[in-house]
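Architecture at a glance
Listed below, chain by chain, are the residues.
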Amino acid sequence: MAMIVYNIYNDNYKVHFRSWIISSLWRGHRRIYLSLTGLQPGITYYVRAYATGKKGTAYWEELSFTTETHEYVDLGLSVKWETCNIGASSPEEYGDYFAWEETKPKEVYVWSTYKWCTNKEYGVIDNKTTLELEDDAAHVKWGGEWRMPTKAELEELCEKCTWLPAKINGVSGREITGPNGNILFLPYSGYCSEGKYPGGGQASCWSNTSSSFRAYYLTYNWSGYYVVADLRCFGFTVRTVRP
């Protein structure tokens, strides 16, 4: 019989102890999977485990991890949706705007300022159908399992949820109710091209799916919501998803 113990603490040196009694360990390696609860968001924790048995105590190396800082809504769909846009700190804020396959916001969103532009009229036609993670603004900004939604996931949001006009703190948008009754809010954040056109009773959110020099996105306004394709160089918002 052996006892497996780990100590977990953060930068404030708040220590937590957990232990498990293991009735038998065989030669070689045995993997033990643990689920940690009660941790605070956005905190870096350090973990070190040790085991005590008949032959003494063995110590493992210290590991570290940082807990998620981003909240999400489970609508009962295939993925979970972040509660606010990239660059926003609340659901009603517009956040930042990105060209498709770019990971930094800018002032002007036209072909001549597009990262992958090869001439004044068109961007790179690279035959990509899905963004690489290194070019996915959601993944680059937040890491982990966060990414931009696929075209199919945007269509699922349209087809399986109820959409109603709503306001949060005076900001207009759409209240989206999932099959399980949970609610997501999307503001009318507008879009960017030669200038910035926030609000205006409509919004556009990128998917990670493209079609030649166009890419698919979710557009919604006071009269409807649907998934279409438009020029990659335009500046749209990004609402992230995760498994």
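Everything below is about the structure printed above this text.
First, a word on what this report is: a plain description of the structure on this page. Keep in mind that this is a model prediction, so the values were computed, not measured. (Residues numbered from 1 in each chain as written. Predicted model: local features only at pLDDT ≥ 70, side-chain atom pairs only at ≥ 80, totals over all residues. Heavy atoms only, no water.)

**Some remarks on the sheet that holds strand β10 (residues 183-187)**
Pairing between the strands of a sheet comes from backbone hydrogen bonds, and it takes one of two forms, parallel or antiparallel. Sheet architecture is open: three strands sit in the order β8-β9-β10, paired in antiparallel fashion. Every other strand in the sheet has two partners, leaving β8 (162-168) and β10 as the edge strands with one partner each. On average, each strand axis in the sheet is tilted by 35° relative to the strand beside it, whichever way the strands run. Bridge count between β8 and strand β9 (residues 171-177): seven bridges; the pairing is antiparallel. (Pairing = 2+ DSSP bridges. Helix = DSSP H or I, 4+ residues; strand = E, 2+ residues; numbered from the N terminus. Axes fitted to C-alpha atoms, helices over the stretch in contact; angles between N-to-C directions.)

**Quick word on the environment of Val73**
Of note, Val73 is situated in strand β6 (residues 72-73). Residue classification places Val73 among the buried residues on the basis of a relative accessible area of 12%. Considered as a pair, Val73 and Cys84 are 11 residues apart in the sequence and their alpha carbons are 9.9 Å apart. Ignoring anything within four residues of it in the chain, the contact list for Val73 reads Lys80, Trp81, Thr83, Asn182, Ile183 and Leu184. (Buried < 20%, exposed > 50% of the residue type's maximum accessible area, 1.4 Å probe, protein only. Contact = heavy atoms within 4.5 Å.)

**What to know about empty space enclosed by the protein**
Under the defined criterion, the tally for this structure stands at one cavity of 30 Å³ or more. By volume, the largest cavity is sized at about 30 Å³. Looking at the largest cavity, the residues that line it are Trp81, Pro149, Leu154, Leu157, Leu186, Cys205, Trp206, Leu218 and Arg239. Counting residues per element, the ones that place at least two in the lining of the largest cavity are α2 (151-160) and β13 (202-211). (1 Å grid on protein atoms, 1.4 Å probe; cavity = no way out; pocket = protein on both sides within 12 Å on 5 of 7 lines; lining within 4 Å. Points joined across faces, edges and corners; volume = space filled by probe spheres on them.)

**Points about the sheet that holds β13**
Within the open sheet, the three strands sit side by side as β13-β14-β15. Their pairing is antiparallel. Of all the strands in the sheet, just β13 and β15 (225-231) have a single pairing partner and so form its edges. Across the sheet, the mean angle separating the axes of adjacent strands is 30° when strand polarity is ignored. Two strands pair when backbone bridges link them, and strand β14 (residues 214-221) and β15 are joined in this way by seven bridges, in the antiparallel orientation. Paired with Tyr216 across the bridge in β15 is Ala229.

**Remarks on the pattern of salt bridges**
This structure, assessed with the given rule, holds nine salt bridges. Lys128 serves as the salt-bridge partner of Glu101, at 2.8 Å between the closest nitrogen and oxygen. With Glu101 in the loop between β7 (80-82) and α1 (137-142) and Lys128 in the loop between β7 and α1, the pair connects residues that are 27 residues apart, well separated along the chain. Taking the relative accessible area as the measure of exposure, Glu101 reaches 2% and is therefore buried. Glu101 is the partner of Arg232 in a salt bridge, and the nearest nitrogen-oxygen pair spans 3.2 Å. In this pair, Arg232 sits in the loop between β15 and β16 (241-242) while Glu101 sits in the loop between β7 and α1, placing the two residues 131 residues apart along the sequence. Residues Arg232 and Glu101 agree in their burial class; the two are buried. (Salt bridge = Lys/Arg side-chain N within 4 Å of Asp/Glu carboxyl O.)

**Looking at the nonpolar core**
The biggest cluster of nonpolar side chains holds 23 residues, and the ones touching the most others in it are Trp100, Trp111, Tyr114, Met148, Trp206 and Val238. Taken together, the elements giving at least two residues each to this core come down to α1 and β14. Among the nonpolar cores identified, the runner-up in size contains 20 residues, and Val73, Leu77, Cys161 and Leu184 belong to it. (Core = buried A, V, L, I, M, F, W, Y, C linked by side-chain atoms within 4.5 Å.)

**Notes on unusual backbone geometry**
The bulk of non-glycine residues show a negative phi, and the bulk of peptide bonds are trans. With a phi close to 75°, Glu101 is a non-glycine residue in the positive phi region. One non-glycine residue, Ser212, adopts positive backbone phi at about 60°. Mapping Ser212 onto the fold places it in the loop between β13 and β14. According to the relative accessible area criterion, Ser212 is partly exposed, its value standing at 36%.

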